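Residues per chain are reported as follows:
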Amino acid sequence: MAGPGDVDATVRELLLLMPRMAGRVKRIPVPEALRSQALAPRHLSLLACLLFDGPMTVNDLAARLEVAPTTVSLMVGDLSGKGILERREDPADRRRRIVAIAPDQHPAIDAWLAPGAGAWRRVLTPLTPAQRRLFVDTLRAYEAAVAEDNEG
């Protein structure tokens, strides 16, 4: 019989936990102001970056999201067209554009994303920096392994 520290026991526990976590995240209601916008998970990541890190260029967003600048540019164009984001000239370099959450959309996006960020802060704060790094690295490794299994 497997003990509580056994890898298979941990895998079973995670296989039960992960769908529950995903289900809880999916049940977070999209704010009324954004419901008709057909936002996808990739939009959520982009909005989170802008909410927590502030306005930035498309290239900076692409680096944070770990995707190509053209992908971010397409998302920004889509969300700008819907009035969720705004693009403005960078005062330091007029050739560059700065992307930001539209001021009238900021409260709804903040209300939508802040509870999840708060939950992460509560569970990560007691951990040491090394433990937090291990946690994130483990999730990244899991994502890569799943992607590899699905591609191979």
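See above for the structure.
We now turn to the structure provided with this report. Worth saying up front: this structure is predicted, and the values here are computed from it rather than measured. (Residues numbered from 1 in each chain as written. Predicted model: local features only at pLDDT ≥ 70, side-chain atom pairs only at ≥ 80, totals over all residues. Heavy atoms only, no water.)

1. Observations regarding the pairing of strand S2 (residues 93–101)
Argument step 1. In the sheet, strand S1 (residues 85–90) pairs with S2 via six bridges, with the strands oriented antiparallel. Across the sheet, the residue bridging to Arg 87 is Val 99, located in S2. (Pairing = 2+ DSSP bridges. Helix = DSSP H or I, 4+ residues; strand = E, 2+ residues; numbered from the N terminus.)

2. Some words on the packing of helix H3 (residues 58–65) against helix H4 (residues 69–81)
Argument step 1. At a closest axis distance of 8 Å, the pairing of H3 and H4 adopts a crossing angle of 110°. Overall, the two elements H3 and H4 adopt an arrangement that is roughly perpendicular. Once H3 is placed against H4, the crossing between them reads as right-handed. Judged by residue contacts, Val 58, Asn 59, Leu 61, Ala 62 and Leu 65 of H3 engage Pro 69, Val 72, Ser 73, Met 75 and Val 76 from H4.
Argument step 2. When its residues are assigned to classes, the contact of H3 with H4 shows eight nonpolar, two polar and no charged. (Axes fitted to C-alpha atoms, helices over the stretch in contact; angles between N-to-C directions. Parallel < 35°, antiparallel > 145°, perpendicular 65-115°, else oblique. Left-handed = near helix turned anticlockwise from the far one by under 90°. Contact = heavy atoms within 4.5 Å. Nonpolar A, V, L, I, M, F, W, Y, C, P; charged D, E, K, R; others polar.)

3. Focus on the pattern of salt bridges
Argument step 1. Throughout the structure, instances matching the rule amount to nine salt bridges.
Argument step 2. Among the ionic pairs, Asp 93 bridges to Arg 95, the shortest N-O distance being 3.1 Å.
Argument step 3. A residue is classified by how much of its surface remains accessible, and Arg 95, at 76% relative accessible area, is exposed.
Argument step 4. As a salt-bridge pair, Arg 133 and Asp 137 come within 3.0 Å of each other at their nearest N and O atoms. Of this pair, Arg 133 and Asp 137 both sit in helix H6 (residues 129–151), four residues apart, which is roughly one turn of the helix.
Argument step 5. Taking relative accessible area as the criterion, Arg 133 reaches 46% and is therefore assigned partly exposed.
Argument step 6. What emerges from the salt-bridge pattern is a single network uniting Glu 89, Arg 94 and Arg 97. (Salt bridge = Lys/Arg side-chain N within 4 Å of Asp/Glu carboxyl O. Buried < 20%, exposed > 50% of the residue type's maximum accessible area, 1.4 Å probe, protein only.)

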